[in-house]
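# Geometric and topological summary
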Amino acid sequence: MQRKLIIGERIMYGDGNTPLNSAFVARVRGNIQLHYLHQALAKVQAKHPLLRAGVAPGKKGLPHFVSSDPIPAIPVRIVERQQEDDWQRESMTEWATPFDMRNGPLCRMVWIRDAAISELILVCHHCICDGVSVATLLQEVLTALDQPDMELPPYDTFHDIEALIPRPYLENKKLQRKGKRSAILAWLTLSAVLWRKKQPPKGKDYLLHWKLDREASAAFVQRCKAEGTSVHAALCVALLRAFREVQGSRARNRVITPVDIRRFIDAIKPDTLFAYAPTVNLSLNEEAPATARSFWVQAYQLKEELSAKIAELNVFMQLMIGEYIHSSLKLLVKLLKVTNGNHDVTFSNMGRLNIPERFHSFEVETIISPTVAFPWRNPNTLVTTTFRGQMDFVFISNDAFLPYEDALAIKEAAMRTIIKESGLETALHAPLAGRTAINISVNE
């Protein structure tokens, strides 16, 4: 395998030295044997080509995925379990621990081990997977761990960007000229914006983790259905209102939403590892009349806005134009590291996970949503998943950009709104059982 990284993969690859790792945690109750865990990881690695590759310079110095020979096995690091929140410390450690980018594999496992209950932390470099990919990998590891005799059929990945883009786009002279103009404009604009800009101090990363209990999760989902909107749109409204409440005029009134583009590209199957997710921006209409500013009216409007923007998303054109700006990628990555951006938070709602609660030999007690500490100046990231009827949330940021106290206040404000709008008024006056915020800070 030798394939040039496409635009989204290049952004996540960054400079090739700074870790950009995702950690996904499953808490498992039951007996796990190391031999079977290694065997499960080997089967998953044999299925996915990107788990058998590293990244090395190719033509013109551009990074390429290259198959390693021999192929290193996906490693397992074992930690003896001391307490329930060990996964947080180990996730933070994995954020900051680089992969061997040249030789791979760009995936590893941490087993926080106990005789009765364990946490399995699946760690992947973000240049090989998005949220859908890492959820698929975790599901496959657990299934293969439970069923040692099962087989995972391998697949062939695409070998170049042309395999993803229909020929009419590739042969369109107008698009080709637009791509060349975009390359020139991107370089000139980024060069001007970044003139003499220096990267500010990184500060300390931190993590907030909490859950909504089943009652609150079910009530919120049901209310969204009754109001004709989506859970994602309603959560965006709660987030934007919370940022405005806590930060006032400093809030940007903008949430970035990644879009899974597998629905548009036949070559990218649901279980294919893939790391490119274009984004759309959502904002509340601050000039709307008072009658149009109720929570559920805004949630319905954001749902419609999101649907319209996804419908207008020309994935093939984005992929094609993106290939022309590889020469500006270093400048683009620098821009992300030195500027605040124009958004409050990047929000990924992965929805209900396709992971069984019970296997033959163990039970999955809970799933903690994937965490990743972006090395950008604005690292504000919220990820939510649903498992066992509970919505799980992780918020990751850095105290040099957003003070921990502000993040905690934003979280509490958003949750108050969600509980209130779900019709669970009495819960506002009771402790948020199962919804405790947890903070961990380490130096970069």
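Residues numbered from 1 in each chain as written. Predicted model: local features only at pLDDT ≥ 70, side-chain atom pairs only at ≥ 80, totals over all residues. Heavy atoms only, no water.

## Brief notes about the overall build of the protein chain
- For the protein chain, the count of helices and strands is 12 helices and 15 strands.
- Relative to the globule expectation of 22 Å for 444 residues, the C-alpha radius of gyration of the protein chain, 22 Å, shows essentially globular dimensions.
- Along the first, second and third principal axes, the C-alpha set of the protein chain runs to 60 × 55 × 40 Å.
- Scored against the burial criterion, the 444 residues of the protein chain give a buried share of 53%.
- A separation threshold of at least 6 residues defines the contact pool for the protein chain, and within that pool the share at least 24 residues apart is 79%.
- Summed over its atoms, the accessible surface of the protein chain is roughly 19900 Å², and 52% of this surface lies on carbon and sulfur atoms.
- Distance from the positive charge centre (54 side chains) to the negative charge centre (47 side chains) of the protein chain: 8 Å. (Helix = DSSP H or I, 4+ residues; strand = E, 2+ residues; numbered from the N terminus. Rg over C-alpha atoms; globule rule 2.2 N^0.38 Å. Buried < 20%, exposed > 50% of the residue type's maximum accessible area, 1.4 Å probe, protein only. Contact = heavy atoms within 4.5 Å. Areas by Shrake-Rupley, 256 points an atom, 1.4 Å probe, with all protein chains shown as cover. Lys, Arg positive; Asp, Glu negative; His and termini not counted. Charge placed at Lys NZ, Arg CZ, Asp CG, Glu CD.)

## Some words on the sheet that holds strand β4 (residues 63-67)
- With respect to topology, three strands assemble into an open sheet ordered β1-β4-β3, the strand pairing being antiparallel. The sheet terminates laterally at β1 (2-4) and β3 (53-57), the two strands that pair on one side only. Averaged over all adjacent pairs, the angle separating strand axes in this sheet is 30°, with direction ignored.
- With five bridges connecting them, β3 and β4 associate as antiparallel partners. By the bridge assignment for β4, A53 is matched with S67. (Pairing = 2+ DSSP bridges. Axes fitted to C-alpha atoms, helices over the stretch in contact; angles between N-to-C directions.)

## Describing the pattern of salt bridges
- Scanning the model with the defined rule gives 30 salt bridges in all.
- As a salt-bridge pair, E227 and R223 come within 3.0 Å of each other at their nearest N and O atoms.
- When its relative accessible area of 30% is taken as the criterion, E227 is described as partly exposed.
- Measuring nitrogen to oxygen at the nearest pair gives 3.7 Å for the salt bridge that ties R358 to E357.
- Here R358 falls in the exposed class, since its relative accessible area comes to 56%. (Salt bridge = Lys/Arg side-chain N within 4 Å of Asp/Glu carboxyl O.)

## Here we look at the packing of helix α7 (residues 214-226) against helix α8 (residues 231-247)
- In contact at an axis separation of 9 Å, α7 and α8 are set at 105° when each is read in the N-to-C sense. If you check the angle between α7 and α8, you find them roughly perpendicular. Contacts from F220, V221 and C224 in α7 reach V231, A234 and L235 in α8.
- Looking at side-chain class alone, the contact of α7 with α8 contains six nonpolar, no polar and no charged residues. (Parallel < 35°, antiparallel > 145°, perpendicular 65-115°, else oblique. Nonpolar A, V, L, I, M, F, W, Y, C, P; charged D, E, K, R; others polar.)

## Looking at the side chain of T257
- The topology assignment puts T257 in strand β9 (residues 255-258).
- A polar contact of 3.2 Å, which involves the side chain of T257, links it to the side chain of H232.
- With near-sequence residues (within four places) excluded, T257 lies in contact with H232, C236, P278, T279, V280, L282, L306 and F347. (Polar contact = N/O pair within 3.5 Å; in protein donor to acceptor, adjacent residues only side chain to side chain.)

## What about the environment of A116?
- For A116, the position within the fold is in the loop between β6 (107-113) and β7 (117-125).
- We classify A116 as partly exposed; its relative accessible area is 37%.
- Separated by 179 residues in sequence, A116 and F295 have C-alpha atoms that sit 44 Å apart.
- Discounting residues that sit within four places of it in the chain, A116 has contacts with V28, R29 and G30.

## Notes on the sheet that holds strand β5 (residues 76-80)
- Within the open sheet, the five strands sit side by side as β5-β6-β7-β2-β12. Their pairing is mixed. Where the open sheet ends on each side, the last strands, each with one partner, are β5 and β12 (362-372). On average, each strand axis in the sheet is tilted by 20° relative to the strand beside it, whichever way the strands run.
- Bridge count for strand β2 (residues 21-30) against β12 is eight bridges, and the pairing is antiparallel. When the sheet's bridge partners are listed, V28 is paired in β12 with V364.
- In this fold helix α4 (residues 131-146) packs onto β2, β6, β7 and β12, with an angle of close to 135° to the strand it touches most, β7.

## Quick word on the packing of aromatic side chains
- Applying the stated criterion across every chain, the model contains eight aromatic pairs.
- Centre to centre, the rings of F158 and F274 are 6.4 Å apart; their planes meet at 70°, and the pair counts as edge-to-face. Of this pair, F158 sits in the loop between α4 and α5 (167-170) while F274 sits in the loop between β9 and β10 (279-282); the two residues are 116 residues apart in sequence, bridging distant segments of the chain.
- F158 gets classed as buried once you look at its relative accessible area, which sits at 8%.
- Note on W210 and F393: the rings are 5.3 Å apart at their centroids and 5° apart in plane angle, and the pair reads as stacked. Placement of the pair is W210 in strand β8 (residues 204-212) and F393 in strand β14 (residues 390-398), with a sequence separation of 183 residues.
- Residue class for W210 comes out buried when judged on its relative accessible area of 4%.
- Of note, R108 hangs over the ring of F99, and the distance from its end group to the ring centre comes to 3.9 Å.
- Geometry around W111 places R113 over its ring, the cationic atom sitting 5.4 Å from the centre. (Phe/Tyr/Trp six-rings, centres within 6.5 Å; stacked < 30°, edge-to-face > 60°. Lys NZ or Arg CZ within 6 Å of the ring centre and 35° of its normal.)

## Observations concerning helix α2 (residues 34-47)
- With 14 residues, α2 ought to run about 20 Å at 1.5 Å a step, and its terminal C-alpha atoms sit 20 Å apart, in line with that.
- When we look at burial in α2, the residues that qualify are L37, A40, L41, K43, V44, Q45 and K47.
- On the buried face of α2, the contacting elements are β5, β6, β7 and α4. (Expected span 1.5 Å × (residues − 1).)

## Brief notes about the pairing of β14
- Among the nine residues of β14, eight are classified as buried, and the element is accordingly described as predominantly covered.
- As paired strands, β8 and β14 are joined by eight bridges and run antiparallel to one another. Bridge pairing in β14 links L208 to F395.
- Relative to β14, strand β13 (residues 381-387) runs antiparallel, the two being bridged by seven bridges. Looking across to β14, one finds that T386 is bridged to M391.
- Hairpin connection between β13 and β14: a loop of two residues separates the two successive antiparallel strands, and R388 in this loop has a positive phi of roughly 55°.

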